[in-house]
2 protein chains.
Amino acid sequence: MEKRIITISREFGSGGRTIAKTLAERLGLTYYDKELVKQVAIETGLDQQFVSDESEYAPSKSAFAYNFQEGLLGGLCAADILWDMQRKVILQLADKEPCVIVGRNADYILKDRADCLRVFIHADTSFRAERIVRLYGETEKTPEERLKDKDAKRRINYKHFTEKEWGMSQNYHISLNSGVIGIDKCVDIIADLFTGQRNPVNK
Amino acid sequence: MEKRIITISREFGSGGRTIAKTLAERLGLTYYDKELVKQVAIETGLDQQFVSDESEYAPSKSAFAYNFQEGLLGGLCAADILWDMQRKVILQLADKEPCVIVGRNADYILKDRADCLRVFIHADTSFRAERIVRLYGETEKTPEERLKDKDAKRRINYKHFTEKEWGMSQNYHISLNSGVIGIDKCVDIIADLFTGQRNPVNK
């Protein structure tokens, strides 16, 4: 079964985005992360920062309230419109070209496509806490609070729109602990799987 | 970080046991599945079939009632005694020699050991249904009912004793869909990971 697309779902700070970028470079696939946000913002007419904030986190009060202020499309709130548009854009991108898509529940949106390899990256709190401070700096919250907060929002968003549990092995073809396995080794395993599956001889 | 032990947790019919056996042969590790049941039966004095039935499925009424009929150890029911003894045997085996342990919540029991590689194997219902009929034959229940029943019992048992969700990616270092990836390829990935982690040069 030939794979053309990789979706990378990830815990905050686990290195999922780095893994996704490296895979895209190594395998010659288009990388979609912020570019996807931009496309959704253009299609919906919503502010790019708003799309970025809301597109994979728990629908916020402002996302649900947006329609009351702005009177958008017949009673649908911004969170629903965003979901529909994001879904449409992801399906279009998957049709268009081989690619790696980070987050945005793409694993669920593309679950019926046989050519999609669905990956989940996670790691222990200590590994992720050290990483987010090193990469994104300190904030007024502790790194542990930031991790808990972001993961909770992604979990709620996933549950809200997919009715499934974010991080359940069964939602993905492969789940990896990047802290124990190492980010480079995760890339090797996924690249090998992707390449092997494009060539049944290596199966 | 050198790994000495592999735990394989698995959905019924996913080929987890086949993967575990093949890994043990290829890597020269002792394989524990039914042998573990035998040891627990000897240590507890409980019937081997009873241990086998109860050791990784939802504690049954008979396991909870056992103490009332038999008056075992100061109010503890057979399910609790079994759990304690199974835990003790698994910790002893892990200390004794490099090994592969199938099921029995060994991933949770050995979660604090840095030398343990924790694996979860799952697959789609259609793959597993075909497999259990081919390997274990037909029964009066449909294959789908048998899968649902066994998985539910394992899930309840895991939740009861570990307070965690069976199958959540975060409980394991690697989770694989054997139906999509293929049983042989799962063995290759895990063996490579295990061998690579014993030799940091390959990391």
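Novice: Sorry if this is basic, but what is going on with the pairing of strand β4 (residues 116-122) of chain B here?
Specialist: Each regular strand shows side chains that alternate between the opposite faces of the sheet. Residue and element names in this part refer to chain B. With 7 of 7 residues buried, β4 lies mostly within the body of the structure. When strand β1 (residues 5-10) meets β4, the two strands line up parallel, connected through 6 bridges. Among the inter-strand pairings, arginine 10 is bridged to a residue of β4, identified as isoleucine 121. Bridging between β4 and strand β5 (residues 174-177) involves 4 bridges; their strand directions are parallel. Bridge pairing in β5 links histidine 122 to asparagine 177.

Novice: Before we go on, may I ask you to explain the relation of the copies chain A and chain B in this structure?
Specialist: Two copies of one chain are present, and they are related through a rotation about an axis combined with an axial shift. Overlaying chain A on chain B yields an RMSD of 0.0 Å, the required transformation being a rotation through 180° with an accompanying axial translation of 0.0 Å. The operation mapping one copy onto its partner corresponds to a two-fold rotation axis. Interface overlap between copies is the fraction of interface residues in one copy that are interface residues in the other; for chain A against chain B it reaches 100%, indicating a shared surface.

Novice: So what exactly am I meant to see when it comes to the nonpolar core here?
Specialist: In a soluble, globular protein the nonpolar side chains are often hidden away together inside. Counting 94 residues, the largest nonpolar core has Val100 and Ile190 of chain A together with Val100 and Ile190 of chain B as its most contacted members. Beyond its immediate sequence surroundings of up to four residues, valine 100 of chain B is in contact with Ile6, Ile8, Ala20, Leu23, Ala24, Leu29, Tyr31 and Tyr32 of chain B.

Novice: What's the story with the interface of chain A and chain B in this structure? I'm lost.
Specialist: The parts lose accessible area when they come together, and the size of an interface is often stated as this lost area. Taken together, the contact between chain A and chain B spans 19 residues of the former and 19 residues of the latter. Secondary structure elements with two or more residues in the side of chain A that touches chain B: β4 (116-122), β5 (174-177), α9 (178-181) and α10 (183-198) of chain A. Note that β5 of chain A and β5 of chain B share 3 bridges and pair antiparallel. Within β5 of chain B, the residue paired with leucine 176 of chain A across the bridge is isoleucine 174 of chain B.

What counts and how
Residues numbered from 1 in each chain as written. Chains lettered and ligands numbered in written order. Predicted model: local features only at pLDDT ≥ 70, side-chain atom pairs only at ≥ 80, totals over all residues. Buried ≥ 20, exposed ≤ 12 C-beta atoms within 10 Å, placed from the backbone. Helix = DSSP H or I, 4+ residues; strand = E, 2+ residues; numbered from the N terminus. Pairing = 2+ DSSP bridges. Least-squares fit on C-alpha atoms with pLDDT ≥ 70 in both. Contact = placed C-beta atoms within 7 Å. Core = buried A, V, L, I, M, F, W, Y, C linked by C-beta atoms within 7 Å.

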